[in-house]
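In case you want the letters, here they are:
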Amino acid sequence: MTDSAKQAIPPTGWRASDSPVKRAFARSRLVQAAALVLALIVAATLLSPWLAWQNPFDPANLDLMDAFTPPGQAGTSGTLYALGSDDQGRDVWSAILYGLRMSVLVGVSAVGLSLLIGVPLGLVCGYAGGWFDTLMMRIADVQLTFPVILVALLVFGIARGLLPEGYRDDMAVFVIIVAIGLSDWVQYARTVRGAVMVEKHKDYVLAAQLIGRSRVAILVRHILPNLLAPILVIATISFAHAIVAESTLSYLGVGLPPTQPSLGTLIRIGQGFLFSGEWWILLFPSLVLLALALSVNLVGDWLRDALNPKLQ
């Protein structure tokens, strides 16, 4: 067989029907490892009530005599703590699983809220233009001058001030979701607006206008499907940013209450015992947060490159 004929034979396992996304995923061992870590974390989040051997936030399940048990040792009650216990005798492993569930819930919900606000605004601003487009983009420019954490702190503080004192802890999850969601809608709106301004001059949009399609139908049924790739990339990366923002707020003491802790709350609790020798209370929640944020960012970067036609 000649060299030219050998070069014409596709590599083993490759098929012409394989998408660029699949090929890019198969080539990157780092992305595969990140996707595996992310899948394990999501599975642990969904299965946390069964993987955790105790409910760490139920006082009836706690034993103060087991407080500050080092990792891999048994407490005075004979219970083995694989990752140790904290100052209240809570199993760190169980606390991480329950805290991870709250962090992922806040991250997914905040991204969903940002999508619901930013994508429709971007569609309308990019397609209609005019004074509404100018107004919304100036508001977006002003918001971009402030860090996301400061905007979230502002929204969180206003919402907490409007709620009755007896409902603040009960509504803390919803308040922090709204705070992060309202601080992160700008990037969706600006990205979608720019893409719509390009798409609306293409032939398929002009053809839809000629046959009498309404503006809403053109935006939803024709333009929006062509914008799903950049929206998916932004949503993936924003998910990691939302989790980090929630953890930062909880670490600062203005996020979720101790009765509904997230990874940030656990890190804040562990930081108080770091210099007294109980390092495991801080270390393990920090490692889980790092693994979650890093794996989501790596998957998001891979999606951005794999879905970019200029890099194919």
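Keep in mind that what you see is a predicted model, and the values were worked out from it rather than measured.

*Asks:* Tell me about the overall build of the chain, residues and numbers included.
*Replies:* Per the secondary structure count, the chain includes 14 helices and 2 strands. Seen through its C-alpha atoms, the chain measures out along the principal axes to roughly 75 × 70 × 30 Å. Element-wise, carbon and sulfur atoms account for 67% of the exposed surface of the chain, whose accessible area totals about 16600 Å². In the chain, 21 positive and 20 negative side-chain charges are present, and the distance between their average locations comes to 16 Å.

*Asks:* Please provide a residue-by-residue account of the packing of helix α13 (residues 263-271) against helix α14 (residues 280-306), values included.
*Replies:* Each pair of packed helices gets described by two things: the angle between the helix axes and the distance between those axes. Taken N-terminus to C-terminus, the directions of α13 and α14 make an angle of 150 degrees; their axes are 8 Å apart at the nearest point. Comparing the axis directions of α13 and α14 gives the class roughly antiparallel. Note on packing geometry: the crossing formed by α13 with α14 is left-handed. Taken together, the residues of α14 that come into contact with α13 (itself represented by Leu 263, Leu 266, Ile 267, Gly 270 and Gln 271) are Ile 281, Leu 282, Pro 285, Ser 286, Val 288 and Leu 289. Residue classes in the contact of α13 with α14 are distributed as 8 nonpolar, 3 polar and no charged.

*Asks:* Outline empty space enclosed by the protein, listing residues and values.
*Replies:* According to the stated counting rule, one finds 1 cavity of 30 Å³ or more in the structure shown. Put simply, the largest cavity is a space of about 60 Å³. Lining the largest cavity, in full, are Asp 86, Val 92, Ala 95, Ile 96, Leu 266, Ile 269, Ile 281 and Pro 285. Looking at the lining of the largest cavity, the elements with two or more residues in it are α5 (92-128), α13 and α14. A total of 3 residues in the lining of the largest cavity trace back to one element, the largest contributor, which is α5. Tallied by class, the residues present in the lining of the largest cavity amount to 7 nonpolar, no polar and 1 charged.

*Asks:* I'd like a description of helix α8 (residues 172-182), backed by residues and values.
*Replies:* Taken across its 11 residues, α8 has 8 buried, putting it largely inside the fold. Among the residues of α8, those classed as buried are Ala 172, Val 173, Val 175, Ile 176, Ile 177, Ala 179, Ile 180 and Gly 181. Elements in contact with the buried residues of α8: α5, α7 (148-162) and α12 (228-251).

*Asks:* Describe the UniProt feature "transmembrane region" (unreviewed entry) in the chain, with residues and values.
*Replies:* Look at the UniProt record and you will see "transmembrane region" (unreviewed entry) annotated at residues 30-53, 104-127, 139-159, 171-188, 223-244 and 279-300. End C-alpha to end C-alpha, residues 171-188 measures 26 Å, and it is 78% helix and 0% strand.

*Asks:* Describe in detail helix α9 (residues 186-199), supporting the description with residues and values.
*Replies:* For α9, which comprises 14 residues, the first-to-last C-alpha distance of 20 Å matches the rise-based estimate of 20 Å (1.5 Å per residue) to within 8%. On its buried face, α9 is in contact with α5, α6 (130-144), α10 (203-210), α11 (215-223) and α12.

*Asks:* Please give an account of the nonpolar core that cites residues and values.
*Replies:* The nonpolar side chains of soluble globular proteins are, as a tendency, buried together. Counting residues in hydrophobic clusters, the biggest one holds 52 residues, and the most contacted among them are Ile 96, Leu 100, Val 106, Ile 176, Ile 180, Leu 263 and Leu 292. Of all the secondary structure elements, the ones that give two or more residues to this core are α3 (29-46), α5, α7, α8, α12, α13 and α14. Counting residues per element, this core draws most heavily on α14, at 12 residues. Once residues within four sequence positions are removed from consideration, Leu 100 is found in contact with Ile 41, Thr 45, Leu 263, Val 288 and Leu 292.

*Asks:* Could you give me a rundown of the pattern of salt bridges, with the residues and numbers involved?
*Replies:* Enumeration according to the criterion identifies 5 salt bridges in this entry. The closest approach of N and O atoms between Lys 202 and Glu 199, which form a salt bridge, is 3.1 Å. Note on Glu 199: relative accessible area 11%, which makes it buried. Taken together, the shared-partner salt bridges in this structure form one network comprising Arg 138, Asp 141 and Arg 190.

*Asks:* Pulling in residues and values, what's your account of the side chain of Ser 85?
*Replies:* With respect to the helices and strands, Ser 85 occurs in the loop between β2 (80-81) and α5. Among the residues examined, Ser 85 registers a relative accessible area of 0% and is labelled buried. In terms of polar contacts, Ser 85 uses its side chain to reach the backbone carbonyl oxygen of Asp 66, at 2.5 Å. What Ser 85 contacts, discounting residues up to four positions off in sequence, is Asp 66, Ala 67, Phe 68, Thr 69, Arg 90, Val 92, Trp 280 and Ile 281.

*Asks:* Lay out the packing of aromatic side chains with the relevant residues and their values.
*Replies:* The tally for this structure, following the rule as stated, stands at 5 aromatic pairs. For the ring pair Trp 131 and Phe 132, a centre distance of 6.0 Å and an interplane angle of 90 degrees mean the geometry is edge-to-face. The class for Trp 131 is exposed, based on a relative accessible area of 67%. You can call Phe 132 partly exposed: its relative accessible area is 27%. With 5.7 Å between their ring centres and 85 degrees between their planes, Trp 279 and Trp 280 make a pair best called edge-to-face. By relative accessible area, Trp 279 is classed as partly exposed at 40%.

Cut-offs and rules
Residues numbered from 1 in each chain as written. Predicted model: local features only at pLDDT ≥ 70, side-chain atom pairs only at ≥ 80, totals over all residues. Heavy atoms only, no water. Helix = DSSP H or I, 4+ residues; strand = E, 2+ residues; numbered from the N terminus. Areas by Shrake-Rupley, 256 points an atom, 1.4 Å probe, with all protein chains shown as cover. Lys, Arg positive; Asp, Glu negative; His and termini not counted. Charge placed at Lys NZ, Arg CZ, Asp CG, Glu CD. Axes fitted to C-alpha atoms, helices over the stretch in contact; angles between N-to-C directions. Parallel < 35°, antiparallel > 145°, perpendicular 65-115°, else oblique. Left-handed = near helix turned anticlockwise from the far one by under 90°. Contact = heavy atoms within 4.5 Å. Nonpolar A, V, L, I, M, F, W, Y, C, P; charged D, E, K, R; others polar. 1 Å grid on protein atoms, 1.4 Å probe; cavity = no way out; pocket = protein on both sides within 12 Å on 5 of 7 lines; lining within 4 Å. Points joined across faces, edges and corners; volume = space filled by probe spheres on them. Buried < 20%, exposed > 50% of the residue type's maximum accessible area, 1.4 Å probe, protein only. UniProt positions renumbered as here; feature names shortened; annotations may be inferred. Expected span 1.5 Å × (residues − 1). Core = buried A, V, L, I, M, F, W, Y, C linked by side-chain atoms within 4.5 Å. Salt bridge = Lys/Arg side-chain N within 4 Å of Asp/Glu carboxyl O. Polar contact = N/O pair within 3.5 Å; in protein donor to acceptor, adjacent residues only side chain to side chain. Phe/Tyr/Trp six-rings, centres within 6.5 Å; stacked < 30°, edge-to-face > 60°.

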